[in-house]
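Here's the letter readout for the chains.
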Amino acid sequence: MKIKIPVISTMLMFSAQVSAQEDCEVHIFPTTNVEILNKLGSYGALSEALAGASPSKDTILNQLSSDIQIDAVRSTLGKDQRFVGYQFIAQEKTIDYKTAVKNKTRLTSSNAICYLEIAMVSIVFSDSALTSKKIGIMAVVREFDQGSDNPKIKKLGGASKLESFPQEDKATADAQSFDYADGFQNAFKQSVLKFWKSKP
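Trainee: What am I meant to see in the side chain of Q91 here?
Mentor: Locating Q91 in the fold gives a position in the loop between strand 3 (87-90) and helix 5 (97-102). On the basis of relative accessible area, Q91 is assigned to the buried category, the value being 17%. Among the polar contacts made by the side chain of Q91, one reaches the side chain of H27 at a distance of 2.9 Å. Setting aside chain neighbours within four positions, we find Q91 in contact with H27, I28, F29, P30, I70 and T108.

Trainee: In this structure, what is going on with the pattern of salt bridges? I would like to understand it.
Mentor: Any two side chains of opposite charge can pair if their charged atoms end up close together. Within this structure, the stated rule accounts for five salt bridges. In this structure, R82 engages D80 in a salt bridge whose closest nitrogen and oxygen atoms are separated by 2.7 Å. According to the relative accessible area criterion, R82 is partly exposed, its value standing at 24%. Residue E117 is joined to R142 by a salt bridge in which the shortest nitrogen-to-oxygen separation is 2.6 Å. On the criterion of sequence distance, the pair formed by E117 in strand 4 (residues 115-126) and R142 in strand 5 (residues 134-144) is long-range, its members being 25 residues apart. The class of E117 is buried, set by a relative accessible area of 0%.

Calculation rules
Residues numbered from 1 in each chain as written. Predicted model: local features only at pLDDT ≥ 70, side-chain atom pairs only at ≥ 80, totals over all residues. Heavy atoms only, no water. Helix = DSSP H or I, 4+ residues; strand = E, 2+ residues; numbered from the N terminus. Buried < 20%, exposed > 50% of the residue type's maximum accessible area, 1.4 Å probe, protein only. Polar contact = N/O pair within 3.5 Å; in protein donor to acceptor, adjacent residues only side chain to side chain. Contact = heavy atoms within 4.5 Å. Salt bridge = Lys/Arg side-chain N within 4 Å of Asp/Glu carboxyl O.

By themselves, these are just geometric observations and shouldn't be taken as functional.
Shown next as structure tokens:
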């Protein structure tokens, strides 16, 4: 015997699910912490010399403003079915790694039951004579289940090869000629794929 579920009941169930998702919040914290790595262990100064000039932290942050970082996270997670309907909320303050990992309370005043925080804690530029220029990210996800006061901590990390802007010659491109924004978004995508996969 087949049981038919009334259409109105199905619609109400769907409405409730959407409503619940709309009450979910993802708070995103940008970072100004930039690390420059251009040595490879014992290769030391030789590796650094062969790698060419590294960008300054200001050069990187000029392309990776708080808005750019937050848009990259929002754009990536907005395409993930786990976060359909979620509210993505930008935060201006930065959070260091120790606070992100050790703090046991929410970093905002939100009382949302469905709530998580993503703290970008580091941007890493790496270059050497033996590898391509790369941009990497480190982030900490702080998930508070059903209003819990004790967050589940998940650490994310990823890297992406830097590409020069189309009009630039890669052989002569200087530190300001690379697309750090695109590299940052790709690095964040890689970190999600590697450390924060959807449950099967």
